[in-house]
Amino acid sequence: MVSETSKQEFLQRVSKLRINPDALDEVRVRLPLGPTAHSVHKVVNSPQTKNSLAIYANATSNDGYITPESAERALEIYGDDLLIEAADNRGQHPNIDVLADIIERDEKTRSDVIRRESAKPIPQHIRDAISNISEHYQGPFHIYDADGIGQTMGEFNETFSWVPGGFRNYFAIKALPNRKVIKHLTKYKAGADCSSMAELLLSKQVGLSGEKIMFTSNDTPPNEFKMARQLEAIINLDDITHIERLIEVVGKDNLPEIICFRYNPGPLKSGTEIIGDPREAKYGLTTEQIPEAYRIMRELGVKRFGLHTMVVSNMLDEEYLIDTGKMVFKLGASLQRGLGIKFEFFNLGGGVGTPYKPEQVAVDLNKVSQGIKEAYFGEGFGVEGNSPRVVMECGRAITGPHGYLVSTVQHVTSKYKEFVGLDASMANLMRPGMYGAYHHITVLGKEDSPKDCVYDVTGSLCENNDKFAVNRALPLIERGNRVVIFNTGAHGTAMCFQYNGKLRCAEFMADKNGNVEMVRRGETIHDYFATQL
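Residues numbered from 1 in each chain as written. Predicted model: local features only at pLDDT ≥ 70, side-chain atom pairs only at ≥ 80, totals over all residues. Heavy atoms only, no water.

A. The arrangement of empty space enclosed by the protein in detail. Per the stated rule, a full pass over the model turns up 5 cavities of 30 Å³ or more. Taken as a whole, the largest cavity spans an internal volume of roughly 110 Å³. Elements represented by at least two residues in the lining of the largest cavity include exactly β4 (109-115) and β18 (467-474). Looking at the lining of the largest cavity, its residues break down into 4 nonpolar, 6 polar and 3 charged. (1 Å grid on protein atoms, 1.4 Å probe; cavity = no way out; pocket = protein on both sides within 12 Å on 5 of 7 lines; lining within 4 Å. Points joined across faces, edges and corners; volume = space filled by probe spheres on them. Helix = DSSP H or I, 4+ residues; strand = E, 2+ residues; numbered from the N terminus. Nonpolar A, V, L, I, M, F, W, Y, C, P; charged D, E, K, R; others polar.)

What follows is the structure, encoded as structure tokens:
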């Protein structure tokens, strides 16, 4: 008999998965019966099995497998009491039995997560814009939701409105380097986070200058330091040796009024798959280097200072984000006491994640803000003469959910598995091929059709990892169908490339008033050859 305490502990462990089972129809696990045959175990969406549904969805990889390792982690969520009961009463807890069998067979098992289209709908004005564009534009294209971007930026501003001196998000231009989009963001008091010459010039082109620009780069060439200084941007140095390099480039008598350093906490923080272990990262000053760097700049006459860190990417865990704030504020307070300097701002970096899967629970921004606020005032900040601003440099969280890649099916082929070939490719969206990242896919006009087919959704590059999805359960697809790939508003077109002579596609922006604007034309073959001599 499972105790009430064990049940509550089980529910707590399930909640930590951050999965909303209401976004799921079912999970179908293919259990092998022999070399070519299999049976299907279904975990359905019902009041009795919704927690198991969340566990199975979490255990299934982006390419559609439950491995023995992920099965073991899944069983840990159920807890010892349930596992003992299941072992003593084989058949009474089939969802536990199946995971135990996967571990015993010691081989990965195919698993299809069937997601509800209603959990990740395309806004109607974006649907209308796609229909309008498709009438006269051939080929794939990205489209951005201007209203969604503005709403998200407004939510950040409102949530952090408690910040003394005013909160600012320096939009990470690397996420979406489009002039019209960045100009749109300036309506919401966004600054620009830049890491290259092109990004600095983009900022200048939309009217940003001075301390509305944060220049954070690494292995920085001299001309970029020079341009940042000309724009009077805040220069955020990535290494202690960059002090000498900056002096060489701009001169000791022309150092900026305000200087910032990027802090790398090393073993004090863990990273993620995208940004990696801080100890292995090329970014930032170590805990030992950071006080010396500020001391040097103080002795060089600099009187205004900022402190920055960026240790995570696409993080959905509020506590991690809050803990980053605690770490920065604690370090800032220590440096102020030890060096006799005052910080004007703390830059907590970006890293706020966005749900790529319909079932993922979004970051509770209010919870993050409240936790950061408590940590800020808890370190003694927010009083007269000691009220540094808190700023961030989110990019993905601002534009990522509001971008879509629209593509047309060119071929449907059957080999050892089924393939859907698009007119888009990894050259238009690199993340799935590069990281194995999940991007949701909707087949327009077939939202209500059963997802009874399993496909690899591919592009036409001469690379076998040119895939938008692997083993994805989708409705029956035919040549000419249009598909929409979600969450391409960040690190989509920004990471485009020209392998195989592929051309960068057009970008559009639409709003609820019916306005549709091309914000970047598609490249032509003349563009491709223009730089060849």
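The discussion continues.
B. Quick look at the sheet that holds strand β3 (residues 65-66). Reading across the sheet, the 4 strands line up as β2-β1-β4-β3 and stay open at both edges, with antiparallel pairing between neighbours. Bordering the open sheet on either side are β2 (38-44) and β3, each of which pairs with just one other strand. Two elements, β3 and β4, share 2 bridges in a ladder whose sense is antiparallel. Pairing of Tyr65 across the sheet is with Arg110, part of β4. (Pairing = 2+ DSSP bridges.)

C. Spatial organisation of helix α10 (residues 222-230). The complete set of buried residues in α10 reads Glu224, Phe225, Met227, Ala228 and Arg229. Taken together, the buried residues of α10 touch α9 (197-205), β8 (213-216), β9 (234-237) and α11 (242-250). Glu232 sits one or two residues past α10 and shows a positive phi near 55 degrees. (Buried < 20%, exposed > 50% of the residue type's maximum accessible area, 1.4 Å probe, protein only. Contact = heavy atoms within 4.5 Å.)

D. A look at the state of the cysteines. Counted by the stated rule, this structure contains 0 disulfides. For Cys260, which is in no disulfide, the shortest distance to another cysteine sulfur is to Cys194 and amounts to 14 Å. The class for Cys260 is buried, based on a relative accessible area of 0%. Sulfur of Cys496: no disulfide; nearest cysteine sulfur belongs to Cys505 and is 5.8 Å away. Overall, Cys496 belongs to the buried group, its relative accessible area being 10%. (Disulfide = S-S within 2.5 Å.)

E. View of the environment of Asp238. Relative to the helices and strands, Asp238 resides in the loop between β9 and α11. A relative accessible area of 3% means that Asp238 is categorised as buried. C-alpha of Asp238 to C-alpha of Leu476: the two residues are 238 residues apart in sequence and 50 Å apart in space. Separated by 3.0 Å, the side chain of Asp238 and the backbone nitrogen of Gly284 make a polar contact. (Polar contact = N/O pair within 3.5 Å; in protein donor to acceptor, adjacent residues only side chain to side chain.)

F. Representation of unusual backbone geometry. Positive phi outside glycine occurs at Asp106, with the angle close to 60 degrees. Structurally, Asp106 is set in the loop between α5 (94-105) and β4. You can call Asp106 exposed: its relative accessible area is 58%. One non-glycine residue, Asn487, adopts positive backbone phi at about 60 degrees. Note on placement: Asn487 falls in the loop between β19 (482-486) and β20 (506-510).

G. Structural context of the pattern of salt bridges. Counted under the stated rule, the structure contains 28 salt bridges. The residue Arg28 makes a salt bridge to Glu26 at a minimum N-O spacing of 2.6 Å. Residue class for Arg28 comes out buried when judged on its relative accessible area of 17%. The salt bridge involving Arg28 is made with Asp452; its shortest N-O contact spans 3.8 Å. Of this pair, Arg28 sits in strand β1 (residues 24-32) while Asp452 is found in the loop between β16 (441-443) and β17 (453-458), placing the two residues 424 residues apart along the sequence. Through salt bridges with shared partners, a single network forms among Glu211, Glu257, Arg304 and Glu344. (Salt bridge = Lys/Arg side-chain N within 4 Å of Asp/Glu carboxyl O.)

H. Local environment of the packing of helix α13 (residues 318-339) against helix α14 (residues 365-378). One can describe the packing of α13 onto α14 by two numbers: an axis separation of 9 Å at closest approach and a directional angle of 20 degrees. Taken together, the axes of α13 and α14 lie roughly parallel to each other. Relative to α14, α13 is oriented so that their crossing is right-handed. When α13 is examined against α14, the residues Glu318, Glu319, Leu321, Ile322, Lys326 and Phe329 are found in contact with a partner set consisting of Lys367, Val368, Gly371, Ile372, Ala375 and Tyr376. Along the lines of polarity and charge, the residues of the contact of α13 with α14 split into 7 nonpolar, 1 polar and 4 charged. (Axes fitted to C-alpha atoms, helices over the stretch in contact; angles between N-to-C directions. Parallel < 35°, antiparallel > 145°, perpendicular 65-115°, else oblique. Left-handed = near helix turned anticlockwise from the far one by under 90°.)

I. Broad picture of the nonpolar core. One finds Phe156, Phe160, Phe261, Tyr294 and Phe329 to be the most contacted residues of the largest nonpolar core, which totals 82 residues. Top contributing element to this core by residue count: α13, with 9 residues. Apart from the residues within four sequence positions on either side, Phe160 is in contact with Phe167, Leu365, Val368, Ser369, Ile372 and Met392. Residues Ile19, Tyr56, Tyr78 and Ile102 belong to the second largest nonpolar core, which totals 29 residues. (Core = buried A, V, L, I, M, F, W, Y, C linked by side-chain atoms within 4.5 Å.)

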